[in-house]
Amino acid sequence: MTHRPGSQASLRAANIHRVLATVRAHGVLSQAEIARLTGLSPASVSNIVHQLGDRGAVELSPGIRGGRRAQEVRICSADGLVAGVDFGHRHIRVAVADLRFDVLAERRHACDVGASSATAFAVAEKLVAEVLDELGVGRGELKAAGVGLPAPLPPTGSSLASWPILPGWEDIDPARDLAQRLEVPVVADNDANLGARGELHFGAGRGVANLAYVKAATGLGAGLVVDGYVYRGFAGSAGEIGHLTIDETGPVCSCGNRGCLETLVGAPYLLELIRRSHPDLRTVEDLVARALAGDGGCRRVIADAARHIGFVAANLCNVVNPERVVVGGDLAAAGDVLLDPLRASIPRYAVLSVAGTPVVAAETGERAEVLGALVLAAEHLEHRHEHAASPTPARHHRVQSP
Ligand SMILES: [Zn+2]
């Protein structure tokens, strides 16, 4: 993953990743089936599968596939467990899975995450301990954790200091702090990037190599999957669509700029819009529930937000040309109340060649980010030999050992 894009080593790493992801998605496959599903040659698949077998990442056993004897390939589960931790603005969600991505237990805890990073970390540590207790396994079974935050994450070695988007977290290195608490390597990424990973492996992005995941929640963000990889950009802030300028003379945003998309469609703005007519509405969940029940004002607020998000999504289609736009986050629970006007904005603002890009709802709902965190942790384990051989950690996300 540290390889130069397009190099031979990079291509090989991409092929290994593709084989693992395909086996994981199907549970068990023959080598011929892997070749058919990945488009790789049987010789390449054989080579990769045996390398993964030597490394303990997959198990090979004799079996019957399609009436013929064939070696069956499955992900090795004896390698321990991974944890996913998703910090939202108002919740912490934790999941534990084996390396076949069977999610074994989950927890969600509502709290003001932005108020104090120390409190948030303590809660996350407690939730992980509870989940392991529930499963009756010791901490030693846990091999790695992935963590997501609603803020852009700069490359390894830097903290969140320069990002005033998550107050109460200045000078914090979340991967390092959580690694010390959980005593396993921790990999951190932005929540929208993790949502993209979650949908890529478990949801509407399965089988798609180029994907834009748009998260519409308290803030707005996008996770961009390019040729099967989450694109993080030079400083880790790729996909920050919430801070695209929509109105230069608009309200001042938490980032210090004016008229960002987030100031038009972020949860606080939407709730403010409806405050006078619906004083009892407190959360986006309330807004969505009322819209789904047919409330005209609530539907209008969501539809107008959808047009703004659609304008940005159309521009994203122009620039990145994804095969599919997947929409997640709290607001996506509104379904077609959100998606129909958003879809209508694509041909209105995008160039003709991408005007037909499908816009679909995320399938994993509010679990997309925590599932993506599990994928991130598992991928870290898969590439640990690569990390060990490399003098610097992978650039695409941050890795901290305890
Ligand atoms: Zn902004």
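This one's a predicted model, so the numbers in the text were calculated from it and none came from an experiment. (Residues numbered from 1 in each chain as written. Predicted model: local features only at pLDDT ≥ 70, side-chain atom pairs only at ≥ 80, totals over all residues. Heavy atoms only, no water.)

1. Some details on the coordination of the zinc ion
Ligation of the zinc ion by protein atoms is provided by His 243 (ND1), Cys 253 (SG), Cys 255 (SG) and Cys 260 (SG), these donors lying 2.0 to 2.3 Å from the ion. Viewed at the metal, the four donor atoms of the zinc ion are separated by angles of 104 to 123°, and the geometry they form is tetrahedral. A relative accessible area of 16% means that His 243 is categorised as buried. Note on Cys 255: relative accessible area 30%, which makes it partly exposed. (Donors = N, O, S within 2.8 Å, 3.2 Å for Na, K, Ca; no water. Tetrahedral: all angles 85-135°; square planar, octahedral: opposite > 155°, others 65-115°. Buried < 20%, exposed > 50% of the residue type's maximum accessible area, 1.4 Å probe, protein only.)

2. So, the pairing of strand 2 (residues 58-65)
Note that strand 2 and strand 3 (residues 68-75) share eight bridges and pair antiparallel. Each bridged residue has a counterpart across the sheet, and for Ser 61 the counterpart in strand 3 is Glu 72. Taking the residues between adjacent antiparallel strands as the criterion, strand 2 and strand 3 are bridged by two residues, where Gly 66 takes a positive phi near 60°. (Pairing = 2+ DSSP bridges. Helix = DSSP H or I, 4+ residues; strand = E, 2+ residues; numbered from the N terminus.)

3. Some points on the confidence of the model for the protein
Should the pLDDT be low somewhere, the predicted coordinates at that spot are not to be read in detail. Across the protein, the average pLDDT comes to 87, with 89% of residues at 70 or higher. Across the protein, strand 12 (residues 324-328) holds the top mean pLDDT of 98, while helix 13 (residues 384-389) sits lowest at 48. Low confidence marks residues 385-396, where pLDDT is under 50. Its contacts with residues over four positions away, or in another chain, come to 21 contacts. (pLDDT = per-residue confidence, 0-100. Contact = heavy atoms within 4.5 Å.)

4. Things to note about the nonpolar core
Buried together is how nonpolar side chains tend to be arranged in soluble globular proteins. By size, the foremost hydrophobic cluster in this structure holds 42 residues, and its most contacted members are Leu 287, Ile 302, Ile 309, Val 327, Leu 331, Leu 338 and Leu 342. If you list the elements that add at least two residues to this core, you get strand 9 (211-216), strand 10 (220-226), helix 7 (261-265), helix 8 (267-273), helix 9 (284-292), helix 10 (296-320), strand 12 and helix 11 (336-349). Sort the elements by how many residues they give to this core and helix 10 lands first, with eleven residues. Counting 31 residues, the second-largest nonpolar core is a separate cluster that includes Ile 92, Val 147, Leu 149 and Val 186. (Core = buried A, V, L, I, M, F, W, Y, C linked by side-chain atoms within 4.5 Å.)

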